[in-house]
Amino acid sequence: MAAAGAEAAAEEEKQLPEGDPESGGDSDDEGDSDSSGDGEDEEKENEAEIQRLEEQLSINAFDYNCHLDLIKLLQQEGELVKLRRARQKMSELFPLTEEIWLDWLKDEIKMASEISEREKVYELFERAVKDYICPEIWLEYAQYSIGGIGQEGGIEKVRSIFERALTAVGLHVTKGTALWEAYREFENAILETAQPAPGSIPSPEQQQVLCSQLEKIHTLFRRQLGIPLLDMEASYAEYEEWSEEPIPETTIKNYKKALQQLEKCKPYEEALLGAETPKLAEYQAYIDFEMKAGDPARIQLIYERALAENCLVPDLWARYNQYLDRQLKVKELVLSAHDRAVRNCPWTVGLWIRYLLAMERHRVEHSIISEMFEKALNAGFIQATDYVEIWQAYLDYLRRRVDFTQDSSKELEELRSAFARAVEYLKQEVEERFSESGDPSCTIMQNWARVEARLCNNMQKARELWDNIMTKGNAKYANMWLEYYNLERAHGDTQHCRKALHRAVQCTSDYPEHVCEVLLTLERIEGTLEDWDAAVQKTENRLARVNEQRAKAAEKEAALAKQEEERAEQRKQARAEKKASKKAKKTRIGDKRKADEDDEGEWGQEEELPSKRHRGEGDGVLPEEDMEVETGLFGRSEKPDGPTIQKEKASTSRKDVPKVFHDSSKDKVTVFVSNLSYTMAEPEAKLRELFGSCGEVVEIRAVFNNKGTFRGYCYVQFREEEAAQQALALDRTAVEGRPMFVSPCVDKNKNPDFKVFRYSTTLEKHKLFISGLPFSCTKEELEEVCKAHGNVKDIRLVTNRAGKPKGLAYVEYENEAQASQAVLKMDGLTVKDHVIKVMISNPPLRKLPERPEPGRAPLALAPRHIYGARGKGRTQLSMMPRALQRQSNPVAKAENGMVQNSPAASSDPPAEPKKMSNADFAKMLLKK
């Protein structure tokens, strides 16, 4: 404690600001009072934070980041006793990183003065070197051991530590040299002590010790020069200078061979130096290279190097453990790697299962395996099915321990007890946490029933278990009944088989035909006539009811489909009527304006007067040979009137807008940009400025409609293909409040299945999906909430095409551990009065639209009208005034003055209109 107080006092002196020696005493007193006040406030805040972190760890001991924060705070406060306890607790749950171990070791080395305390430091070093293979920790260990050289056996202990260090990390290409040099320096120091005094003649014993020491240094040089390490040339030159004898040919040959191997390793080492964390791809390439070479020591070392920087990657641990299990098969090495794997990634059930199998494979005591299984149950898996898998693995292990030739045994009772506990655990613990047991098909109970029936000859217990399985909602599935039937068929009797099938016929709702067929087959082979008649009657009645239910369901579905079609038709008709009313309103407004301008207009002549007036004006009439003339309803040929000419002029002006054509040969240097705002002013200039950072833009082809309005998409063509690839990174960039979509330019006619979706649609254990967010939540606000549980790499707020938030987000963490912790702590959290739901990102599979079968023509969506080979002409105008048109059915659609019939009669050809005389016209006008 005195040492702790002195260290704290020294820290406080370091933190005090340097004062001006000529400043007055009053100012110093004021400064001291201010700093002491601030220090007290900060100390109280730190104490409160320490207490909060300790309480949080008491709730969830597997919170890695919480452990780190607590250790950091305790270091600042100088609470060495609490700091040691916090480090101890964390080291029991997780392997510590190189930095944490070095800090811990340096603190303990400072306080170790007695021999007993030094022994505790040695024990701490032994724990440290087991977590990861770190050259720095081994070097620190060897150098610390040199301090005990004066004790009995001290020199041999140092040599032993150096030899172990060389075995562990001596092959490290970039950091192994430092360890070899430290070992040689130690041996050189021993050599200096063995040298005789100047002017004296060494005794034979001294001469022997001297020669032995020289040989040890020679051996170290030769061993080092046979290993591919950086700066090998400098080590070779140093050996030449140090050695009084010529270097042996064998050493030179090994040196050259190591140089060649170093040249092969250099590209991989350079790739690691230039890569950014986590360097997984670079390490995997290096591992593949070493696997082809086949040196187990080097393979193990490169795996350990990769894991030291990627300790939270379960797949990497799985591949390493698989290699050790299948190739090296060294018990201590294998079990140590499995233990470190589950301590680093406790949420990964596959690593726990491999660990249990490895312990069984190497015949570890049963009590230790059971203890490890209990740790796995408390590891905090992120899916309910994970608990089913770990229970199944443990039950398999217990089953393999049982000798079923005996009627009863301790192992058998333990197996049955474990089965019962597994069922209860899934029902209570797992369902309470995940709202599901993870085992809807009751696979554990099925396996229990198989063990009882096949290995214990206890069909009564198996039937009880299957009865329990069926009461859990599985009685409606045919496969469950057939599974039980097969078990009863193999180990039971015909009576129970028949009983099971009769119940199956009654209860099955998915494939009753299959169950009925199995029942009839049983009775055909083994049943009596009465059994056959009962089975036939039961199956016929059941299938009749099933067919009746299916027919009703089909009718209901057809009725719903028909209702939907009718609603769609009503909506279509309503739109058509609305469009027709708007068109009629525009026509009436135009006619009224013309009537006001014409002083000679009379009542009832709105339709004919404009055409007569245009006929009299020479400048408004087109040459007769250039006009398109068609026969109207009454067989008279009419020349286009004024409004028609205006329409043609408008059409001509719209046709002046240039059409945008795309050269498919330039798809590789072109990107397609869409979802832009229709109101964007000068899209070409704005997009050229935006895409200019990707490379030289050759052309931007914006697409406009016939009225000259921007349609919200365009083609951007670059000079180089690399620029087009860089432009794809601008996808979803906000432009004028909308997310801009940037995709490769692909012809959909040639590639109908081509889809562009930049985000993963599979399970990503390091990414979270958050729903229920308030629409006002920003990316910064969400990051503030998420970063408390780990290092957030990216946040994506999901928006619609207009850029409006949908209350959904994806949050990517550095690793699975942080993501799983965030799920546990954030699910159900309240953000701005909204309760959010957090889960691991696992998007459901998208349903692809059904395609028509090849060779079958698609069904017509609506009946075609009969207007001739080219359809309805654009200038087919009705010559009857609207005031005289009477219809018995509601108007479905008015187009160019020609009225179509209702949908019910639209499939029939239009009837020839009845010709009317002038008297008929007069009568109709009088009725109006």
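Bear in mind that the values here come from a model prediction, so they are computed numbers and not experimental data.

(A) Inspection of the overall build of the chain at higher detail. The helix and strand inventory of the chain stands at 33 helices and 13 strands. Considering the chain as a whole, with its 928 residues, one finds that 35% of them fall into the buried category. Intrachain contacts of the chain at a sequence separation of at least 6 include 60% that bridge at least 24 residues. Surface summary for the chain: the accessible area is close to 57100 Å², and the carbon and sulfur share equals 50%.

(B) Here's a closer look at the sheet that holds strand β6 (residues 764–771). Read across the open sheet, the four strands follow the order β7-β8-β6-β11; overall the sheet is antiparallel. Only two strands of the sheet have a single partner each, and these edge strands are β7 (792–799) and β11 (837–841). Put simply, the sheet's adjacent strands are angled 25 degrees from each other on average, direction ignored. In this structure, β7 lies alongside strand β8 (residues 805–813), joined through seven bridges in antiparallel fashion. Considered in β8, the bridge of Thr799 is made with Pro805. Packed on one face of the sheet, helix α31 (residues 779–786) meets β6, β7 and β8 and runs near 135 degrees to β7. Helix α32 (residues 816–826) contacts β6, β8 and β11 of the sheet and is inclined by roughly 25 degrees relative to β6.

(C) Structural detail: the packing of aromatic side chains. This model, assessed by the stated rule, comprises 31 aromatic pairs. Ring centres 6.3 Å apart and planes at 55 degrees place the aromatic pair Tyr122 and Tyr141 in the tilted group. Within this pair, whereas Tyr122 is found in helix α6 (residues 115–131), its partner Tyr141 is found in helix α7 (residues 135–146), the two being separated by 19 residues in sequence. Of the two residues, Tyr122 and Tyr141, both sit in the buried class. An angle of 40 degrees between the planes, with centres 6.4 Å apart, marks the rings of Tyr286 and Phe289 as tilted.

(D) Seen up close, the pairing of strand β3 (residues 710–718). In terms of burial, β3 is a largely internal element, seven of the nine residues being buried. Bridge count for strand β1 (residues 670–674) against β3 is four bridges, and the pairing is antiparallel. Bridged to Val671 within β3 is Val716. Sheet topology places strand β2 (residues 697–704) next to β3; six bridges connect them, and they run antiparallel. Bridge pairing links Ala702 to Cys714 in β3. Taken together, β2 and the strand that follows it, β3, pair antiparallel across an intervening segment of five residues, in which Gly708 is found at a positive phi of about 85 degrees.

Conventions adopted
- Residues numbered from 1 in each chain as written.
- Predicted model: local features only at pLDDT ≥ 70, side-chain atom pairs only at ≥ 80, totals over all residues.
- Heavy atoms only, no water.
- Helix = DSSP H or I, 4+ residues; strand = E, 2+ residues; numbered from the N terminus.
- Buried < 20%, exposed > 50% of the residue type's maximum accessible area, 1.4 Å probe, protein only.
- Contact = heavy atoms within 4.5 Å.
- Areas by Shrake-Rupley, 256 points an atom, 1.4 Å probe, with all protein chains shown as cover.
- Pairing = 2+ DSSP bridges.
- Axes fitted to C-alpha atoms, helices over the stretch in contact; angles between N-to-C directions.
- Phe/Tyr/Trp six-rings, centres within 6.5 Å; stacked < 30°, edge-to-face > 60°.

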